[in-house]
Amino acid sequence: MLPEIKFHGDVDVAALSPLLRGMLLSVAYADGEGGIGLTATGAMNRRFVHWAAVYFLWPGFTAEDLYSMNKVLNERDMPPLWVVRDMTRHLKLLRRKKDVLVPTKRGREFLVNPQAFFDLIATDYLYSYVHVTDRQEDVQARLRWWRMFLNLLNIKAREGCTPLQIVKILKPDFAPLSETEMTLEAWELKSDILYGVLRRLCWLGLLYEAREGLTLFQDGSFHKTPLWAACLQLESDTQSDIGVH
């Protein structure tokens, strides 16, 4: 059975969750600007993409980050927008009207009380959403491991942990290897943990990645945010450490 995500704390969800904040800002923009303009191919137009890059404050995808790689920003150049658009469509918060996206009645309800939608957003995104870079079968296969991952991170992310440290816990045989050997031998597992588990939790706002002093190609240390305790109750809450049996 998947761990239930149920918000019950007194924290600012929009401040902590890049995904909810991006969805909230997108619906508010559509409501205040007469819709989000679409290109001839149906993508969000450059005006909105530039606005989103500035105001989303999405870790790793700020305006500075994005413009360091592209002189001009299109929707395809800002991966978080793909998720924001998918989730607002899936939850029927925005709908297409000719060449713009406009808020639905439910979208306006979301603007009034966004945190009331967090449980649904978080559950759908964490457990069932299929990223462009994902395969449906991988997302489904991961379902049986989410309870283990969340309990493991519930302990290890208290002080901070890296993807390779998680790999060593899951695969003790890799522990004696050097970091270079680990990267080669455990590439597939590390990638699945980094993008399938850690990135989802960061984009939801349950974890954050400390990256100060690191290069683009180095992994940071992942830590829990206050939103973690505000929406998850796990078997490992009272444990001080965890091992692999």
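In case you missed it, the structure is sitting above this.
Here goes a summary of the coordinates provided. Because the structure is predicted, anything quoted here is derived from the model rather than measured.

Cut-offs and rules
Residues numbered from 1 in each chain as written. Predicted model: local features only at pLDDT ≥ 70, side-chain atom pairs only at ≥ 80, totals over all residues. Heavy atoms only, no water. Helix = DSSP H or I, 4+ residues; strand = E, 2+ residues; numbered from the N terminus. Pairing = 2+ DSSP bridges. Contact = heavy atoms within 4.5 Å. Axes fitted to C-alpha atoms, helices over the stretch in contact; angles between N-to-C directions. Buried < 20%, exposed > 50% of the residue type's maximum accessible area, 1.4 Å probe, protein only. Polar contact = N/O pair within 3.5 Å; in protein donor to acceptor, adjacent residues only side chain to side chain.

## Side note on unusual backbone geometry
Backbone phi values are negative for most residues with the exception of glycine, while trans is the configuration of most peptide bonds. Phi is positive for Leu57, close to 55 degrees, though the residue is something other than glycine. Mapped onto the secondary structure, Leu57 falls in the loop between α3 (46-55) and α4 (63-67).

## Overview of the sheet that holds strand β2 (residues 94-97)
Here 3 strands make up an open sheet; going across it, the order is β1-β3-β2 and the pairing antiparallel. Looking at strand neighbours, the two that pair on one side only are β1 (36-37) and β2, the edges of this open sheet. Taken together, the 2 bridges between β1 and strand β3 (residues 100-103) define a ladder with antiparallel strand orientation. The residue of β3 that forms the bridge with Ile36 is Leu101. Its contacts with the sheet place helix α2 (residues 18-32) against β1, β2 and β3, and it is angled at close to 100 degrees to β3.

## Here's the deal with the environment of Leu120
Along the polypeptide, Leu120 turns up in helix α7 (residues 118-127). Residue Leu120 is classed as partly exposed on the basis of its relative accessible area of 34%. The spatial distance from the C-alpha of Leu120 to the C-alpha of Ile5 is 8.3 Å, given a sequence separation of 115 residues. Apart from residues no more than four positions distant in its own chain, Leu120 is found in contact with Leu91 and Arg106.

## Topic: the side chain of Lys190
Take Lys190: it is sitting in helix α12 (residues 187-204). Using a relative accessible area of 11% as the deciding quantity, one classes Lys190 as buried. At a separation of 2.6 Å, a polar atom in the side chain of Lys190 contacts the side chain of Asp219. Among residues more than four places away in sequence, those in contact with Lys190 are Pro163, Leu164, Val167 and Asp219.

Function cannot be read off these values alone, since they describe shape.
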